[in-house]
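# A look at the structure
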Amino acid sequence: MASFLCKLGRFSFRKRWFVVVVWTGLLVLAGLLAARAAPAPPNDFSMPGTEAQHASDLLQDGFPGLHADGATARVVFHVKDGKISDPQAKREVEATVRALGADPQVSQATDPFRTGSVSKDGSTAYSQVSYEVSTSHLEDSSRSALLKTVEDARSSTLTVEAGGNAVSAVTAGGHSKEAIGLAVAAVVLVLTFGSLVAAGLPLLTALLGVGTGACVIKALSAPLGLGTTTTGLATMIGLAVGIDYALFVVSRYRAELARGRDREDAAAHAVGTAGSAVVFAGTTVVIALVGLLVVNIPMLTQMGFAAAGTVVLAVLIALTLIPALLGIAGRRIGPTRPPRRRKGRTAGDGLGVRWARFVVRRPVAVLLTGVAALAAVAVPVASLQMGLPGDASQPVSTTQRKAYDLVTEGFGPGFNGPLTVVVQSASGGPAKAAAEKTAHQVSGLDDVASVGRPRLSESGDTAVLNVVPASPPGSEQTSDLLNALRDPGLAHTADARILVGGSTAMNADVSQKLSDALLPYLALVVGLAFLLLIAVFRSLLVPLKAALGFLLSVLAGLGAVVAVFQWGWLAQFFGVAQPGPVMSMMPIFMVGVVFGLAMDYEVFLVTRMREAYVHGSTPHEAIADGFRHSARVVVAAAVIMISVFAAFMGSDEQMLKTIGFGLAIAVLFDAFVVRMAIVPAVLALLGDRAWRLPRLLDRFVPNLDVEGERLEAATAPAPAERAVHFDETAEAGRPGPGA
């Protein structure tokens, strides 16, 4: 592996302009194809295999006029003084309803005075707006018309707010978060390299990879049916790994220059050694992202494959474009500066080395402290409750949250999440009798506020009735009611086939599906990566330690998420509008993304330790050597990733805020507690045993030579060239211009 990558790096360095032209041409070609491509199809929010999805399909077949999969909005009217039925207020409400129904994509806007959607105290009413198309098909003009109608209807006496999935928050400045992350990355890279040119390479190549990937995704959207959200995760992960991988190769290149290699040999050796780590780190990320397939949610699968594609691009760019740009930069990128000498210390005793030696001297204390701290933070995971964000989680300043609160005050919390019950006769005949029995049985269940009259399909074989819970959506009481409605005993008593759908039921089903898929997904990702890391490190204990450390990071990260977003600890500090269940997709996202980045740090740090061990260092010396060469790079990469993810905490959307906080805190735990403290402590305790592979496995596991042992023997610089210096063209004792 190292020999092949070394040849690839040497070729790219020599044919630097050819490589740059090829990558530039690929970007231009992808951009042209994206510009001419058909618009991306709407996201497929179907959840195959769930009861709520089956109920939606039955409603679509039996009640096409209901547009069961269509977007919806609820426009709420409220008067502080008097009644909503007073002549003036009533005229304003009816005029607003007519304006809502005038939109070409609206199938129906109900009149609250005809449907009885007026609160008992007469102060509040609502109109249910149904659209002929799904949320993903809803045009921006229809969304704007909805919000404008609501705005125009407001007056000094009438409060009007709107909620539902047809209402979208304002997304102006949508790229500000990425810009903040890139700005922080630029500062960290300049501090790490001490050179604007060296710092600019990782940013330039990461942006090129993300740009190419985004254009390819857009070009393939129509033929492959990729939804409009597939680029979101791809951009986040592409920037993360693109900067990481380029950072590692450039750092190794500067280190090889400091050893006395000429620029071509340094670039070739950097790609042969650091490039090997990049290949296997990228492979673990790809495994984690492609593994989202097991969840069987189309949108997640698309996002995973799209992000995996950008990771592959980032790896290829690090192996080919980076050495080419290093050749073009020439002396503008100099060797690594040695640490300043301080009294009583050698030149190599940087902060990373001193920390590593501290850990090696006290491995048990460091290990127990790190594990105990992460275990304490992970305690809240035991009470994890999952759900999908709704209007209740919106900031209190938004119209969605105001509409939610008005409905809760005027009608009760359950009106914000009614359950749709689909009834068919158990014998396959007319559903009228079965529906009436079902309605009677349901009205006697706990936590039921009201049951609507059954409505029959044209064929008469299907009926639908709305059940309004007495508790808010996502509550434990509503969950119990959902289970009671799905109890086979209820269907048997009513002699009916009962399916429960609606947004509340769909959210519960998605949460359950994601929960059920978490352990298989975790086993698949960790298992495949474990086998890969056995080949990388030629050890059983090192991959086992890496996997256990990752589990600690994820559990601690999830524990922090539960404490802040579910329990409400420091909620105001982090801008959490309403504590509640954790977003259902959060554990899956954390497992996939954090696992990939954690294995990046593991490979970057530990391969350098193994390289030193293979080349003759003792186990303790190898740990110090790994920190000497890689700790600064890993810290810089972690700070960049934490900053990129933390930037999303400034979003008003609870979902983005949760993802940003969860990923940032998990990377913080993994990089600074697990990789920087627990890993060296465990390796110090294991000693030589950490790097041994049982003889039986040694016969079957290929020797990938990730550390470049054979490469080192073939390309070692001549003894006269081994002195550390700043530039091969500089005068003795004076740093060259690239320093």
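The preceding data block contains the structure.
In this report, we go over the structure that sits alongside the text. (Residues numbered from 1 in each chain as written. Predicted model: local features only at pLDDT ≥ 70, side-chain atom pairs only at ≥ 80, totals over all residues. Heavy atoms only, no water.)

## Digging into the overall build of the chain
- Counting its regular elements, the chain contains 24 helices and eleven strands.
- Taken across its 739 residues, the chain has 54% of its residues classed as buried.
- Taking as baseline every contact in the chain between residues at least 6 positions apart, the subset at least 24 positions apart corresponds to 79%.
- With the model as given, the accessible surface of the chain reaches about 31600 Å², and the carbon-plus-sulfur share is 60%. (Helix = DSSP H or I, 4+ residues; strand = E, 2+ residues; numbered from the N terminus. Buried < 20%, exposed > 50% of the residue type's maximum accessible area, 1.4 Å probe, protein only. Contact = heavy atoms within 4.5 Å. Areas by Shrake-Rupley, 256 points an atom, 1.4 Å probe, with all protein chains shown as cover.)

## Points about the environment of alanine 671
- Along the chain, the position of alanine 671 falls in helix H22 (residues 654-686).
- Put simply, alanine 671 and alanine 598 are 73 residues apart on the chain and 7.2 Å apart in space, counted from C-alpha to C-alpha.
- If sequence neighbours within four positions are ignored, alanine 671 has contacts with Tyr601, Ala638 and Met676.

## A look at the sheet that holds strand E3 (residues 124-131)
- Judged by pairing direction, the sheet is antiparallel, and its four strands sit side by side in the order E2-E3-E1-E4 without closing on themselves. With one partner strand each, in any of the chains shown, strand E2 (106-109) and strand E4 (158-163) form the two edges of the open sheet. With direction set aside, neighbouring strand axes in the sheet form an average angle of 20°.
- In the sheet, E2 pairs with E3 via three bridges, with the strands oriented antiparallel. The partner of glutamine 108 across the bridge, within E3, is serine 130.
- Against the sheet, helix H6 (residues 140-153) touches strand E1 (72-79), E3 and E4, its axis set at about 160° to E4.
- Across the face of the sheet, helix H14 (residues 399-410) comes into contact with E1, E3 and E4 while running at roughly 110° to E4. (Pairing = 2+ DSSP bridges. Axes fitted to C-alpha atoms, helices over the stretch in contact; angles between N-to-C directions.)

## Side note on the nonpolar core
- Grouped together as the largest cluster of nonpolar side chains are 184 residues, with contacts concentrated most on Ile237, Tyr245, Phe550, Leu597, Tyr601, Phe645 and Phe661.
- If we skip the residues at most four places from it in the chain, tyrosine 245 touches Val278, Ala281, Gly282, Val285, Val311, Ala314, Val315, Ala318, Asp600 and Phe604.
- Counting residues in hydrophobic clusters, the runner-up holds 24 residues, among them Ala73, Ala125, Val150 and Ala166. (Core = buried A, V, L, I, M, F, W, Y, C linked by side-chain atoms within 4.5 Å.)

## Some remarks on the packing of aromatic side chains
- Counted under the stated rule, the structure contains eleven aromatic pairs.
- Here the aromatic cluster, defined as three or more aromatic residues joined through ring pairs, consists of Phe565, Phe573, Phe574 and Phe661.
- Taking NZ or CZ as reference, arginine 74 lies 4.5 Å from the ring centre of tyrosine 126, over its face.
- Directly above the ring of phenylalanine 113 sits lysine 90, whose terminal nitrogen or CZ lies 5.3 Å from the centroid. (Phe/Tyr/Trp six-rings, centres within 6.5 Å; stacked < 30°, edge-to-face > 60°. Lys NZ or Arg CZ within 6 Å of the ring centre and 35° of its normal.)

## Considerations on a nonpolar patch on the surface
- On the surface, a nonpolar cluster with roughly 370 Å² of combined accessible area is contributed by Phe11, Phe18, Val22 and Leu26.
- Relative to the assigned elements, phenylalanine 11 resides in helix H1 (residues 2-14). (Patch = residues over 30% accessible without salt bridge, like charges linked within 9 Å, V, L, I, M, F, W, Y side chains within 5 Å. Salt bridge = Lys/Arg side-chain N within 4 Å of Asp/Glu carboxyl O.)

## Considerations on unusual backbone geometry
- Even without glycine at this site, aspartate 447 takes up a positive phi of about 70°.
- Mapped onto the secondary structure, aspartate 447 falls in the loop between helix H15 (432-443) and strand E7 (448-451).
- Here leucine 570, not a glycine, exhibits a phi torsion of approximately 55°, which is positive.
- By the secondary structure assignment, leucine 570 is in the loop between helix H19 (541-566) and strand E11 (582-583).

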